[in-house]
Amino acid sequence: MPDTAPPPSPAPPPSPAPPPSPASPPGGLSRVALWTAAAHAAEHERPEPYVRDPWAADLLRAAGADTGPPGDGPLQRLLPDWATVRSRFFDEHLLAAARSGCRQVVLLGAGLDTRAYRLDWPTGVHVLEVEEPAVLAFKERVLDGCRPSCGRHSAVGADPAGDWGDALVAAGLDPLRPTAWLAETLLYHRQPHTVESVVRTMTKLSAPGSTFGAECVNARAASSSFVAPFLDALSTTGIAWHWQLDAPERWWAGHGWQARTADLFALPYVVQRLSPYLPLLTEADAHCVFLTTGTLREGG
């Protein structure tokens, strides 16, 4: 009887591609940017939203992202509402600065925010976004055909924590005119020496009348029972709060800026939105971050 070889075994199906790592979202997007966009998308669906961002849902769909911060503690549950009131606070700060004469607005680490499109800017405002080139290219694809609401919009492809000063000037920033700067969530994820470098460049390029806005972490709250479990969960994604302050006004004064921290619970929209969480918070927990704004000191 002739030898017969057994039929070849079918090739195993190819293994599915692994999902993106929590520390490496698709397209170079930061997870913090995705979480903020998710908060904006949900907020936009409310009857009277604090932040109107009709593009946030499109950006999330294009990124294929539908996850939130890791863990399930009280801080994680609060974060979408916190991101909303933080955006509202800085929206109002930037618009007030623009109406007071800052016709240049620089968004350092703009992420997926669409302020150049969604805010009612005064005539003649130039919004410049400093962000990684891949992130800017992603936004450009999704927002293709959308018209900015500012007079001029420039995308500056550079590491917002790196050497971006020359690129910003090349894109049209005039250091002799006042600028409104915003580093909404950029700084506290960076090492202190990097923050020093970013702020030095910002100060060097600022004329009298310039303003800034930045979220800063309260060093005194980072080890609290409210914040510490969240930081532990964040560490699994490669994210950390490296830069922390216990006296933000003093720190910013040392870098040429007259700073102030907002009394958040004097703002009606903050109290209204965060009131369900207040029974969970101690006084320290309620001030675990500072929303800080300021102006360039004379001779700064």
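Residues numbered from 1 in each chain as written. Predicted model: local features only at pLDDT ≥ 70, side-chain atom pairs only at ≥ 80, totals over all residues. Heavy atoms only, no water.

Per an unreviewed UniProt entry, the protein chain is named S-adenosyl-L-methionine-dependent methyltransferase, and its organism is Streptomyces cadmiisoli. Under Function (unreviewed entry), UniProt gives the following word-for-word description of the protein chain: "Exhibits S-adenosyl-L-methionine-dependent methyltransferase activity." Checking UniProt for the protein chain, the heading Sequence similarities (unreviewed entry) contains the comment "Belongs to the UPF0677 family." (UniProt positions renumbered as here; feature names shortened; annotations may be inferred.)

1. Points about the packing of helix H1 (residues 31–44) against helix H2 (residues 56–63)
At a closest axis distance of 8 Å, the pairing of H1 and H2 adopts a crossing angle of 135°. If you check the angle between H1 and H2, you find them oblique. Along this stretch, H1 crosses H2, giving a crossing that reads as left-handed. From H1, Leu34, Ala37, Ala38, His40 and Ala41 reach across to H2, where they touch Ala56, Ala57, Leu60 and Ala63. Considering only residue class, the contact of H1 with H2 consists of eight nonpolar, one polar and no charged. (Axes fitted to C-alpha atoms, helices over the stretch in contact; angles between N-to-C directions. Helix = DSSP H or I, 4+ residues; strand = E, 2+ residues; numbered from the N terminus. Parallel < 35°, antiparallel > 145°, perpendicular 65-115°, else oblique. Left-handed = near helix turned anticlockwise from the far one by under 90°. Contact = heavy atoms within 4.5 Å. Nonpolar A, V, L, I, M, F, W, Y, C, P; charged D, E, K, R; others polar.)

2. Section: the side chain of Glu184
Within the secondary structure layout, Glu184 lies in the loop between strand E4 (179–183) and helix H7 (192–204). Look at Glu184 and you get buried, because its relative accessible area is 11%. A distance of 3.4 Å separates the side chain of Glu184 from the side chain of Ser87, its partner in a polar contact. Of note is the side chain of Glu184, whose polar atom sits 2.9 Å from the side chain of Arg115. Those residues in contact with Glu184 that lie beyond four places of it in its chain are Arg86, Ser87, Phe90, Arg115, Ala214 and Glu215. (Buried < 20%, exposed > 50% of the residue type's maximum accessible area, 1.4 Å probe, protein only. Polar contact = N/O pair within 3.5 Å; in protein donor to acceptor, adjacent residues only side chain to side chain.)

3. Thoughts on the confidence of the model for the protein chain
Chain-level statistics for the protein chain give a pLDDT mean of 88 and a share of 89% at 70 or above. Segment residues 1–23: pLDDT under 50, and seven contacts once partners within four positions in sequence are set aside and those in other chains are kept. (pLDDT = per-residue confidence, 0-100.)

4. Concerning the packing of aromatic side chains
Taken as a whole and assessed by the stated rule, the structure comprises 11 aromatic pairs. Each ring, one from Phe89 and one from Phe90, has its centre 5.2 Å from the other, and the planes form 75°; the classification is edge-to-face. You can call Phe89 buried: its relative accessible area is 12%. On the basis of an interplanar angle of 80° and a centroid distance of 5.0 Å, the ring pair of Trp251 and Trp252 is categorised as edge-to-face. Counting every residue linked through ring pairs, the aromatic cluster contains Phe212, Trp243, Trp251, Trp252 and Trp257. (Phe/Tyr/Trp six-rings, centres within 6.5 Å; stacked < 30°, edge-to-face > 60°.)

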